[in-house]
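One letter stands for each residue in the lines below.
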Amino acid sequence: MQRIVWLVRQEGLSPHEILAVTFTNKAAKEMRLRLETELNMGLRSMWVGTFHGLSHRLLRTHWQEAKLPQHFQILDSDDQLGMIKRLMKQLGIDTESTPAKQVQSYINGHKEEGRRAAHVLARGQFERSLQEIYQTYEDLCQRQGLVDFAELLLRSLEVLRDTPPLLKHYQQRFSNILVDEFQDTNTLQYAWLKLLRGTDGCIMAVGDDDQSIYGWRGAKIENIHNFTEDFAGAQLLKLEQNYRSTSTILKAANELIKNNSERLGKALWTEDQVGDPIRVYAAFNEQDEARFIVDIIAQHVKEGGSRNDCVVLYRSNAQSRSLEEAFLRQGMPYRIYGGHRFYERMEIKNALGYLKLITNRQDDPAFERVINTPTRGIGATTLEKIRAYARDEGLGLWDASVEMLSRKLLTGRALVTVKAFIELIERMDEETLPLALKESVELTLELSELIDFHSREKGERGLARVENLKELISAVHNYEPTLTLDDIDEKAVNLEGRQALAVFLTEASLDSGDKQAEEDEDAVQLMTLHTAKGLEFPLVFLAGVEEGLFPHSMAIQSSPGGLEEERRLCYVGITRAMKTLYITHAEARRIFGKETYSQPSRFITELPAELLSEVRLTGSVDRPMHFAKDRPRPAAARVGGAGIGNPLSGAKESAAAANLRIGQRVEHKKFGVGVILHAEGEGDRTRLLINFEGVGEKTLVLGFAPLTPLD
DNA sequence: TCCGGAGGTCCCAAA
DNA sequence: GACCTCCGGA
């Protein structure tokens, strides 16, 4: 960032000569904005973006050299999976023994290593069948003008490699290349950088091996180690001073990451103050956790802080629900990132499906999606007939339908309905052709009758879908393509008519859709740890820091380096905090609809105890209920006046607690028979320490534990 | 062909 | 708990 400003100001470089690449849209957007402010100039045509975004730009400009149709579209992971499923069915491969998901990651894995189906060395029957699917998938995508995420990178690498004049042009143009989050580059991205940089370009990469958290999508830490060798003249700088966080936070992060064996090795330091200890809160369950967090933030705001200062980080998107509910209930504004992206929502994809089919009739996934949405009487049987014909004749679904109609291969109702569908799309195409982008989208939406269709859906859901469709319209109104006329490339991209539509659709697929909330509202941010990389906040909450969830059991099982990557993820989370860090974990949590109990994460144990301060609830001393025999406890630390004690529901409380006392024998559905040793808290939220026979001591929450008194 | 209920599966992270 | 898929009835 500073480097770019310096290059332009001091070295007199034109922004056109600089290529800056990052990993997330958010980071790219931010960089562009900050540069525009700092340099006080418009940088629309500067190449700042994600690897995927820049690759797309390259392919859109040089579609002919890349052997793509002009209006090629992007296949997102859902569409890709659907495509693989359909193709496997056609090949007669059963998806029970070979899950489509596995095939998907097989294909993406190879692409990320730069291998086409033809390059894969398949050993044995099983791998050969995978390779066959990969090959068929490649052919299908090519024929339909579809490009998946990995393909964007692979294809743009190939087009540069195989078109020397093009390569030379870009190598000369981009005399300076800057890469952020370099530790997350995969083989393909690394090769891409190497190719573009050529022999004498300048390249600067910023990265931190301790923050490598994308191993699962092919990122190679080795790229850092190879960097100085592969890029002659490059040097490695270690940045250890951190100007952001308190020394407590840095110390905790350092101690945590020391548990990893594979590191380049470094220790962060700061001149900042010691700051607050890290607060750890043991919640009863996820609702309690969420409410605790909201309460603390409310307190922070009451003391004059802003909500923008606060972020809640979690390991998996599923955790956002209970948090969201708590924020909603308290009426506290929040903004949530990631998860189900706007453009991945069903109703939006339906609408985009029509638009895709308008620009490209060969797009089978789009065809499949919209042919009977809204329902127009074209059922599974008819569709299967079309698929079979398409397969036999080697055609796309659209062409197959048209041919079947003219050859009178469809009869009765199918004939009428399919004909009507074909005519509908043709009509949309004709009528939108002379229109501007937003009018095209509006008209298509109207002709599709999607709004009507979704509003007939019952319940809240239909309403929400209609809202989203309306939001799509306003999104188009506010839309500005990142891809614009590029005065330096000989081939200027002409953003008119269909091309504008094609660009809108691809950029929608690449967009993370993180602009859902009003931008200027003071709101708490909610996001996954992965999304948070590169950001910083005064007040940070790490939620759900439990064994099994974080580190995630899947991550530990799936790969040998899994645990270390999880630890790096935790390191990333901790270092997001500038001043105050809260770590919360819940004793019980609903996962897949069933109550699950878990221990605090090992990552908490790995932090030096002297940096932590446990947050406990008060109240048990003041109002002992049926637990009067309780031995005196040391006074619990009180969190800065946060209003944790919500009123309890009286009725349920007395019913549940009435028959229980210390020393009481109880029976639990899962743990069997045990004796109550200790109790703490009030009402339903009373925490019971129970020693179960053969199981050991467990802390359970009265309101949630299915306990039956035995005597 | 469409709809609803039953039953199984699943999300660990992102472009 | 939400979603998909399969199945039987209208």
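Residues numbered from 1 in each chain as written. Chains lettered and ligands numbered in written order. Predicted model: local features only at pLDDT ≥ 70, side-chain atom pairs only at ≥ 80, totals over all residues. Heavy atoms only, no water.

J.: With reference to specific residues and values, describe the overall build of chain A.
T.: If you tally the helices and strands in chain A, you get 27 helices and 20 strands. Across the 711 residues that make up chain A, the buried fraction comes to 52%. In chain A, once contacts between residues fewer than 6 apart in sequence are set aside, the share between residues at least 24 apart is 74%. Surface summary for chain A: the accessible area is close to 32900 Å², and the carbon and sulfur share equals 51%. (Helix = DSSP H or I, 4+ residues; strand = E, 2+ residues; numbered from the N terminus. Buried < 20%, exposed > 50% of the residue type's maximum accessible area, 1.4 Å probe, protein only. Contact = heavy atoms within 4.5 Å. Areas by Shrake-Rupley, 256 points an atom, 1.4 Å probe, with all protein chains shown as cover.)

J.: Go over the protein's contact with DNA strand B, please, and point to the residues and values.
T.: Looking at DNA strand B, there are 31 residues lining it, with Lys101, Arg315, Asn317, Arg341 and Met554 nearest. Restricting attention to atoms of DNA strand B within 4 Å of the protein, one finds that 54% of them are sugar or phosphate atoms. One of the side-chain N or O atoms of Arg217 is found 3.3 Å from a base nitrogen in DNA strand B. A distance of 3.5 Å separates a phosphate oxygen of DNA strand B from a polar side-chain atom of Asn372. The set of elements that each furnish at least two residues to the surface near DNA strand B consists of α16 (380-393), α23 (529-532) and α24 (553-558). If you tally residues by element for the surface near DNA strand B, the top one is α16, at 3 residues. Class assignment of the residues belonging to the surface near DNA strand B gives a composition of 7 nonpolar, 18 polar and 6 charged. (Near = heavy atom within 4 Å. Polar contact = N/O pair within 3.5 Å; in protein donor to acceptor, adjacent residues only side chain to side chain. Nonpolar A, V, L, I, M, F, W, Y, C, P; charged D, E, K, R; others polar.)

J.: Please provide a residue-by-residue account of the protein's contact with DNA strand C, values included.
T.: Near DNA strand C the following residues occur: Arg321, Arg461, Phe592 and Gly593. Taking the atoms of DNA strand C that fall within 4 Å of the protein, sugar and phosphate contribute 27% of them. Residue Phe592 places a main-chain N or O atom 3.1 Å away from a base oxygen belonging to DNA strand C. Here the surface near DNA strand C is composed, by residue class, of 1 nonpolar, 1 polar and 2 charged.

J.: An account of unusual backbone geometry is needed here, citing residue identities and associated values.
T.: Pro374 follows Thr373 through a cis peptide bond whose omega is -5°. Note that Pro374 resides in the loop between α15 (364-370) and α16. In this model, Phe550 is joined to Pro551 through a cis peptide bond whose omega is 5°. Structurally, Pro551 can be placed in the loop between β11 (537-542) and α24. The phi dihedral of Glu181 is positive, around 50°, even though this residue is not glycine. Secondary-structure assignment places Glu181 in the loop between β5 (176-179) and α9 (187-197). Looking at Glu181, the relative accessible area reads 15%, which means it is buried. You will see that Lys408, though not glycine, has its phi angle at about 55°, which is positive.

J.: Outline the packing of helix α3 (residues 51-61) against helix α22 (residues 497-510), supporting the account with residue identities and numerical values.
T.: At a minimum axis separation of 11 Å, α3 and α22 run at an interaxial angle of 160°. As summarised for this structure, α3 and α22 are arranged roughly antiparallel, according to the angle between their axes. Read as a crossing pair, α3 and α22 show a hand that is right-handed. Across from His52, Gly53, His56 and Arg60 in α3, the residues of α22 making contact are Gln499, Ala502, Val503, Thr506, Glu507 and Leu510. Taken together, the residues of the contact of α3 with α22 break down into 3 nonpolar, 5 polar and 2 charged. (Axes fitted to C-alpha atoms, helices over the stretch in contact; angles between N-to-C directions. Parallel < 35°, antiparallel > 145°, perpendicular 65-115°, else oblique. Left-handed = near helix turned anticlockwise from the far one by under 90°.)

J.: Go over the pattern of salt bridges with me, naming the residues and quoting the values.
T.: For the structure on display, the rule yields 38 salt bridges. Between Arg116 and Glu158 there is a salt bridge, and its shortest N-O distance comes to 2.9 Å. Of the two residues, Arg116 is situated in the loop between α5 (100-112) and α6 (124-144) and Glu158 in helix α7 (residues 149-162); the sequence distance between them amounts to 42 residues. In terms of burial, Arg116 and Glu158 fall into one category: buried. The salt bridge involving Arg161 is made with Asp162; its shortest N-O contact spans 2.9 Å. In this structure Arg161 comes out as partly exposed when scored by relative accessible area, which is 48%. Each of the salt bridges in this network shares a partner with another, and the network as a whole consists of Lys111, Arg116, Glu138, Asp148, Glu151, Arg155 and Glu158. (Salt bridge = Lys/Arg side-chain N within 4 Å of Asp/Glu carboxyl O.)

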